[in-house]
Amino acid sequence: VHIGGQATDLILTAYSNKIFIVATQNQKIGTLISAESDVKSIGALGGGERTYTVKTILGKRDDDMLTLLARTLMAKLPQTGKSLLLGINIKKLDQKAAKQLISKIVEHKVW
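Notes on the structure follow.

Observations concerning the side chain of Ser-34
Its location among the elements puts Ser-34 in strand E5 (residues 31-42). Classification of Ser-34 as buried rests on a relative accessible area of 16%. What Ser-34 contacts, discounting residues up to four positions off in sequence, is Thr-53, Val-54, Lys-55, Ile-57, Leu-84 and Leu-85.

Below, the structure is given as structure tokens:
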């Protein structure tokens, strides 16, 4: 696929408890991010609010765009209880590139 005008390798793998996604433009995993969601019950009817936890495991810890990307991908996943492990190495990750990447991942979903 092409993201931001650059050829990009996209690998999507579903495990029993996790979805592993790698998006790279230089054949390296780059920054590794873990994301999880949880539904907190509100009231007696059992309605809930979905909350997200995003942690950088390896790589760029100060890049808000990477955190936003992982959180947005988690929101796009069905509520199966699976966490997300994201390896991302995009040369110029701006808002446009992030939207293209999310679109391609959702298009090729493995969950």
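A look at the side chain of Thr-24
Tracing the backbone shows Thr-24 in strand E4 (residues 18-24). Within polar-contact distance, the side chain of Thr-24 engages the backbone nitrogen of Gln-27 at 3.2 Å. Apart from the residues within four sequence positions on either side, Thr-24 is in contact with Ala-7, Thr-8, Asp-9, Asn-89 and Ile-90.

Considering unusual backbone geometry
Glycine aside, a negative phi is what most residues show, and trans is what most peptide bonds show. With phi around 60 degrees, Gln-27 is a residue other than glycine that occupies positive phi space. Topologically, Gln-27 is positioned in the loop between E4 and E5.

A closer look at the packing of helix H1 (residues 64-76) against helix H2 (residues 95-107)
Where H1 meets H2, the closest approach of the two axes is 11 Å, and the angle between their N-to-C directions is 30 degrees. Our classification of the angle between H1 and H2 gives roughly parallel. The two elements H1 and H2 cross, and the hand of that crossing is right-handed. On H2, the residues touching Met-65, Leu-69, Thr-72, Leu-73 and Lys-76 of H1 are Gln-95, Ala-98, Leu-101, Ile-102, Ile-105 and Val-106. When grouped by side-chain class, the residues that make up the contact of H1 with H2 number 8 nonpolar, 2 polar and 1 charged.

Re the environment of Lys-99
You can see Lys-99 is positioned in helix H2. Given the relative accessible area of 56%, Lys-99 is considered exposed. Between the C-alpha atom of Lys-99 and that of Ile-3, which follows or precedes it by 96 residues, the distance is 9.2 Å.

What to know about the pairing of E4
Regular strands have side chains that alternate between both faces of the sheet. Burial analysis of E4 places 6 of its 7 residues in the buried class, which makes it a mostly covered element. Note: strand E3 (residues 9-14) against E4, 6 bridges, orientation antiparallel. Bridge pairing in E4 places Asp-9 opposite Thr-24. The antiparallel hairpin formed by E3 and E4 contains 3 residues in its connecting segment. Relative to strand E7 (residues 83-89), E4 runs parallel, the two sharing 7 bridges. Paired with Lys-18 across the bridge in E7 is Ser-83.

The rules behind each value
- Residues numbered from 1 in each chain as written.
- Predicted model: local features only at pLDDT ≥ 70, side-chain atom pairs only at ≥ 80, totals over all residues.
- Heavy atoms only, no water.
- Helix = DSSP H or I, 4+ residues; strand = E, 2+ residues; numbered from the N terminus.
- Buried < 20%, exposed > 50% of the residue type's maximum accessible area, 1.4 Å probe, protein only.
- Contact = heavy atoms within 4.5 Å.
- Polar contact = N/O pair within 3.5 Å; in protein donor to acceptor, adjacent residues only side chain to side chain.
- Axes fitted to C-alpha atoms, helices over the stretch in contact; angles between N-to-C directions.
- Parallel < 35°, antiparallel > 145°, perpendicular 65-115°, else oblique.
- Left-handed = near helix turned anticlockwise from the far one by under 90°.
- Nonpolar A, V, L, I, M, F, W, Y, C, P; charged D, E, K, R; others polar.
- Pairing = 2+ DSSP bridges.

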